Amino acid sequence: MATQASAPLLSVALSKDGVWSVNERGPSRVAVAYFPSKWGAMRHAVRVAKAKRRCRVAVLESDGAVRLSHDYDNADPEVETP
């Protein structure tokens, strides 16, 4: 369970002004990306998750509660992130 805590977390959320954000938090990186559509934000989050060895993607409600999450565990990541 402790190894999962150190895995990066990508959270996808809709802001109050209608912009979708992908927040990446990990042991050595913090990043935020903004998208006009949920589809673009989800596509970015999954692409980043697949490029990492281990990662969790979570879709958040407006109150911060987790609506949906998926853990990615890639032994040999093949996708490169820009």
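Please read all numbers here as calculations on a predicted model, not as lab measurements.

(A) Structural view of the sheet that holds strand 3 (residues 30–35). Ordered by their spatial adjacency, five strands build an open sheet running 3-2-1-4-5, and the pairing between neighbours is mixed. Each edge of the sheet is formed by a strand with only one pairing partner; in this case those strands are strand 3 and strand 5 (66–73). Going from strand to strand, the sheet's axes swing by 15° on average, the running direction of each strand aside. By the bridge criterion, seven bridges tie strand 4 (residues 54–60) to strand 5 in an arrangement that is antiparallel. Bridge assignment links Val 59 to a residue of strand 5, and that residue is Leu 68.

(B) Quick look at the pattern of salt bridges. The full count for this structure, using the stated rule, is five salt bridges. A salt bridge links Lys 52 to Glu 24; the shortest N-O distance between them is 3.1 Å. Taken together, the residues span a long stretch of sequence, with Lys 52 in the loop between helix 2 (38–51) and strand 4 and Glu 24 in strand 2 (residues 20–25) at a distance of 28 residues. Beyond isolated ion pairs, a larger network of salt bridges with shared partners links Glu 24, Arg 29 and Lys 52.

What counts and what doesn't
Think of each chain on its own: its residues are numbered from 1, step by step along the sequence as written. Per-residue local features of the predicted model are confined to residues with pLDDT of at least 70, and side-chain atom pairs are confined, for both listing and counting, to 80 or more; whole-chain, interface and lining totals are unaffected and use all residues. In computing side-chain values, all of the structure's heavy atoms are included and hydrogens and water are not. Strands are labelled as partners when DSSP assigns at least two bridges between them. Counting from the N terminus, the helices are the DSSP runs of H or I reaching at least four residues and the strands are the DSSP runs of E reaching at least two. Only the stretch in contact is used when a helix axis is fitted, and all axes are lines through C-alpha atoms; the angle between N-to-C directions ranges over 0 to 180 degrees. Salt bridges are defined as contacts in which a side-chain nitrogen from Lys or Arg sits within 4 Å of a carboxyl oxygen from Asp or Glu.

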